[in-house]
Amino acid sequence: MAAPGKRTLETIDLLRLLSALAVLAYHYGSAFGRLPDPHLAGWARTPLPDGWLALSWCGWIGVELFFVISGCVIAGSARGTSAGVFVGRRAARLFPAAWICASLSLAALLLAGAQGPLLAEWLGAMALSPVGPWIDGVYWTLGVEIAFYALVAALLAWRRVESLEPLGFALAGVSLAYWLVVASGSLPAAWVWPRLADLLLLTHGGFFALGIFIRAALDKGMTRRRLLAVALCLVPVGIEIIAHAVRSARELGIAATPLAPMAIFALGVAAMLAANRLQPLLARRLRPGWAMAAGLATYPLYLLHQAAGTAVIAGLVRAGMPAPFAALLTGAAMLALALLIAATAEPWLRARLVRAGSALLRFRPAPIFVREHAER
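Residues numbered from 1 in each chain as written. Predicted model: local features only at pLDDT ≥ 70, side-chain atom pairs only at ≥ 80, totals over all residues. Heavy atoms only, no water.

### So, a nonpolar patch on the surface
Then, number 1: A surface patch of nonpolar side chains, about 410 Å² in accessible area, is lined by Val-131, Trp-193, Leu-196 and Leu-200.
Then, number 2: For Leu-200, the location among the structural elements is in the loop between helix H8 (194-199) and helix H9 (205-220). (Patch = residues over 30% accessible without salt bridge, like charges linked within 9 Å, V, L, I, M, F, W, Y side chains within 5 Å. Areas by Shrake-Rupley, 256 points an atom, 1.4 Å probe, with all protein chains shown as cover. Salt bridge = Lys/Arg side-chain N within 4 Å of Asp/Glu carboxyl O. Helix = DSSP H or I, 4+ residues; strand = E, 2+ residues; numbered from the N terminus.)

### Topic: the packing of helix H1 (residues 10-34) against helix H12 (residues 275-285)
Then, number 1: For the pair H1 and H12, the least separation of the axes is 8 Å and the interaxial angle reads 90°. With respect to H12, the element H1 is oriented roughly perpendicular. When H1 is examined against H12, the residues Glu-10, Thr-11 and Leu-14 are found in contact with a partner set consisting of Ala-275, Leu-278, Gln-279 and Leu-282.
Then, number 2: Of the residues that constitute the contact of H1 with H12, the class distribution is four nonpolar, two polar and one charged. (Axes fitted to C-alpha atoms, helices over the stretch in contact; angles between N-to-C directions. Parallel < 35°, antiparallel > 145°, perpendicular 65-115°, else oblique. Contact = heavy atoms within 4.5 Å. Nonpolar A, V, L, I, M, F, W, Y, C, P; charged D, E, K, R; others polar.)

### Here we look at the state of the cysteines
Then, number 1: The final tally for this structure, using the stated rule, is zero disulfides.
Then, number 2: For the unlinked cysteine Cys-233, the closest cysteine sulfur is that of Cys-72, found at 12 Å. (Disulfide = S-S within 2.5 Å.)

### As for the pattern of salt bridges
Then, number 1: Inspection of every chain in the model, using the stated rule, returns eight salt bridges.
Then, number 2: We note a salt bridge from Arg-225 to Glu-165, for which the minimum N-O separation is 3.9 Å. Separated by 60 residues along the polypeptide, Arg-225 in helix H10 (residues 224-252) and Glu-165 in helix H7 (residues 165-184) bring together distant segments of the chain.
Then, number 3: Where Arg-215 meets Asp-219, a salt bridge forms, and the shortest distance between an N and an O atom there is 3.0 Å. Here the residue Arg-215 and the residue Asp-219 both occupy positions in helix H9, the gap between them amounting to four residues, near one helical turn.
Then, number 4: Given a relative accessible area of 22%, Asp-219 falls into the partly exposed group.
Then, number 5: What emerges from the salt-bridge pattern is a single network uniting Arg-79, Arg-215 and Asp-219. (Buried < 20%, exposed > 50% of the residue type's maximum accessible area, 1.4 Å probe, protein only.)

### Points about the nonpolar core
Then, number 1: In this structure, Tyr-139, Phe-148, Val-152, Phe-265 and Leu-303 are the most contacted members of the largest nonpolar core, which totals 107 residues.
Then, number 2: Among all residues touching Leu-303, those that are not within four sequence positions of it are Ala-97, Ala-98, Cys-101, Ser-105, Asp-136, Val-138, Tyr-139 and Leu-142. (Core = buried A, V, L, I, M, F, W, Y, C linked by side-chain atoms within 4.5 Å.)

Shown next, in the form of structure tokens:
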């Protein structure tokens, strides 16, 4: 049996894929027709059917689930390792797909005649710049992920740890304090730069903390202390989801409540907590390796679908294809391309990146666990 920190949980991989598809549905079904696109500002946008908007407007909740999944996965993969090995694994996971997808997005936008400082945005994405500019807006989440990884690496450098639960309490407490101050209205709107709040994990720290405690419960059992920790995390998490839902509904020009995204999020968290019980059922029903392949494809799908995908949709609509067919066709193509990248181009580039880094630093490369859950 695999070590607890390295075991594969099909529930997590499938939830990762469903979360990515939810974000894709939001961008194609809601944002495509209603929100401005700086790259294609001169192109006529064809709104999709209102029914699509009603079903997809809250798909952004997939990003919040990504952060919980990340906390859960890192709490397992960082256990008992060193800071250097941890950082090497994260770099080898993040950069290859980002380089491939940023380059494909740049090509798609150039072919579509997109506007804007595309070269600077491409360089920002290639470098995983924490503040942009990026060739695709979804890269904003990678800076948040890297900030979380930096905290974990600092903790590992300070001492070898077997649990990230103390870090989870710190993240939940700081995020709770931030959101209570914001909700009270006592913090001037211009006092905190939103991107700085993101990078300090004030906005989303509760999500990572929730993932940490979920992983502890899966590996060691749910105790009263961990149950209270989960409840603590749910306070800043709930406030952030409500704030995001209100802002999203206002931007899309629709009347909607936070109930739908909160329900989807609750179902995702429940599925994660039940991952051990679902594992035997999924192992019997799924072909070996299928869930892992889907999980590995999630990261390139997430990075590719928005800028490149909307450029393709806009081009197909401009060529005369009905918008619903263009969106469905593009979504299927993006998923197929992501699976291909995850199976071929990404591991090829990762192997060469690890080899080059090892030669540069003159040490034997730390093993990159193929079966380790893919990070977004």
